[in-house]
Amino acid sequence: MRHATVDEIRAMLRPRAALLEGGLSARSIASSVTSGLLHRVRRGWYIPTAEWRSLWPESRHLAHVLTVAAAARSSVPVFAGPSAAVLHGLPLYRSAPQRVHIMLGTDDRRSAPDVMRHEGPLADGEVVERHGLRCTSLGRTVRDLARTLGYEQAVVVADAALLRLAGGPRTYDVDAAAEWKAQQVALLPRGGRGVVQARRALEFADGRAESPGESVSRVLLERLGFESPVLQVRITLPNDTVWIDFGLRRARALGEFDGKAKYVDEQMRSGRSLEEVLLAEKRREDLVRGVTQARFARWQDEHTVSAAALGRRLASFGIHP
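Residues numbered from 1 in each chain as written. Predicted model: local features only at pLDDT ≥ 70, side-chain atom pairs only at ≥ 80, totals over all residues. Heavy atoms only, no water.

K.L.:
Summarise helix H10 (residues 195-204); cite the residues concerned and give the values.
P.N.:
Within the span of H10, buried status applies to Val-195, Ala-198, Ala-201, Leu-202 and Phe-204. On its buried face, H10 sits against helix H7 (138-148), helix H8 (151-165), helix H9 (174-187) and helix H11 (212-224). (Buried < 20%, exposed > 50% of the residue type's maximum accessible area, 1.4 Å probe, protein only. Helix = DSSP H or I, 4+ residues; strand = E, 2+ residues; numbered from the N terminus. Contact = heavy atoms within 4.5 Å.)

K.L.:
For the sheet that holds strand E1 (residues 14-15), give the residues involved together with the corresponding values.
P.N.:
Spatially, three strands are ordered E1-E3-E2 in an open sheet, and the strand pairing comes out antiparallel. Every interior strand has two partners, whereas the edge strands, E1 and strand E2 (38-42), have only one. Here E1 pairs with strand E3 (residues 45-48) via two bridges, running antiparallel. Residue pairing in the sheet places Pro-15 in a bridge with Trp-45 of E3. Lying over the sheet, helix H5 (residues 57-71) contacts E2 and E3, oriented at roughly 60° with respect to E2. (Pairing = 2+ DSSP bridges. Axes fitted to C-alpha atoms, helices over the stretch in contact; angles between N-to-C directions.)

K.L.:
Quick rundown of the packing of H9 against H10? Include the residues and the values.
P.N.:
Following both chains from N to C, one finds H9 and H10 inclined at 175°, their axes separated by 9 Å at the closest point. Looking at the two axes, H9 sits roughly antiparallel to H10. Residues Trp-180, Lys-181, Gln-184 and Val-185 of H9 form the contact with H10, whose own contacting residues are Arg-199, Leu-202, Glu-203 and Phe-204. In the contact of H9 with H10, the residues fall into four nonpolar, one polar and three charged. (Parallel < 35°, antiparallel > 145°, perpendicular 65-115°, else oblique. Nonpolar A, V, L, I, M, F, W, Y, C, P; charged D, E, K, R; others polar.)

K.L.:
Tell me about the nonpolar core, and please be specific about residues and values.
P.N.:
Generally speaking, a soluble globular protein has its nonpolar side chains buried in company with each other. In this structure, Phe-79, Leu-90 and Val-142 are the most contacted members of the largest nonpolar core, which totals 53 residues. No other element matches the eight residues that H8 contributes to this core. Apart from residues lying up to four places away in sequence, Val-142 is in contact with Leu-90, Val-157, Ala-158, Ala-161, Trp-180 and Leu-202. With 18 residues, the next largest nonpolar core counts Tyr-93, Leu-221, Ala-253 and Ile-319 among its residues. (Core = buried A, V, L, I, M, F, W, Y, C linked by side-chain atoms within 4.5 Å.)

K.L.:
Summarise the sheet that holds strand E10 (residues 240-248); cite the residues concerned and give the values.
P.N.:
As summarised here, the arrangement of the four strands in space is E9-E10-E11-E12, forming an open sheet in which the pairing is mixed. Each of the sheet's edge strands pairs with one partner strand only, and the pair in question is strand E9 (230-237) and strand E12 (295-299). Sheet twist, expressed as the mean angle between neighbouring strand axes with direction ignored, is 45°. Here E10 pairs with strand E11 (residues 253-257) via three bridges, running antiparallel. Residue pairing for E11: Phe-246 is matched across the bridge by Gly-255. Against the sheet, H11 touches E9, E10, E11 and E12, its axis set at about 40° to E10.

K.L.:
An account of helix H15 (residues 307-315) is needed here, citing residue identities and associated values.
P.N.:
Along H15, the residues classified as buried are Ala-307, Ala-309, Leu-310 and Leu-314. Each buried residue of H15 lies within a common arc of 165° when the element is viewed along its axis, so the set occupies one face. Buried residues along H15 sit against H11 and E12. (Arc of directions from axis to C-beta.)

K.L.:
Quick one: what's the story with the pairing of E2, residue by residue and with numbers?
P.N.:
Along any regular strand, the residues point their side chains to alternate faces of the sheet. Pairing between E2 and E3: four bridges, direction antiparallel. If you follow Arg-42 over to E3, its bridge partner there is Trp-45. Between E2 and E3, which follow one another and run antiparallel, lie two residues, and Gly-44 among them has a positive phi close to 85°.

K.L.:
So what's going on with the side chain of Glu-256? Which residues, and what values?
P.N.:
Mapped onto the secondary structure, Glu-256 falls in strand E11. A distance of 2.8 Å separates a polar side-chain atom of Glu-256 from the backbone nitrogen of Asp-245. Filtering out sequence-adjacent residues up to four positions away, Glu-256 remains in contact with Trp-243, Ile-244, Asp-245, Glu-281, Arg-284, Phe-296, Ala-297, Arg-298 and Trp-299. (Polar contact = N/O pair within 3.5 Å; in protein donor to acceptor, adjacent residues only side chain to side chain.)

And the structure:
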């Protein structure tokens, strides 16, 4: 599976009118959907099923957003929540939205079963343009999702925003991150659903987590009773410098979240075969063990479904809080 750009998804989309002009009949379009050749994104819009299946959930939702924008009858809507998130390139951890979210009053009032309209004022600066479409600003989007998603998902979104705003993990601007987090907390409403969780997630957020799996791992490590880990530990090897996701000082251990994307995403493999990636990771781990003499644990998606699952994985390496 892969993430696709807005331009790539626009090229994949097939409006019904274009299919008809290309020689397909209404019956053959319906038959192509039934047989699995075409996937219906929403009424009047299709993507070849093989391409649809190749996309991560974020890219699938982005396709849905683009079709809603194309069908807008009056002003272009202001996308919000998860729909704004995919326009900003934020991850939707373990979430596959079935409806596109827009702010009430930014399009005609005609209802649609796959569109959810939200009430609430938008302050100055809270509407921006991304890829030619209007959506809530990065900060407003993060605050909205931090209130409405689960806690782990809220941390994932906030971490990803900070990764973009405060620089990469190697050059992370701690002061800039702290300032942005304080601003977002101050902009939260004084009461209402999800405000306490949002404040907690924003205060916990750290952009040095490079992936949703690393963000969720931080949450679970805290629940297990580990001290706050050192993120992106620099290790100097004889002929190289590498960075390890987690340093667990009290446990005298190092840890890596081993996301599947580095193995299955062709872009992340950078042209290397799966075997080459696996061998490179094994050599890297052996060198780190030799230099640091620390316990070293790897864990995958299946170990981050709960604190108990991650705890069992770490214990198998002799690592405890």
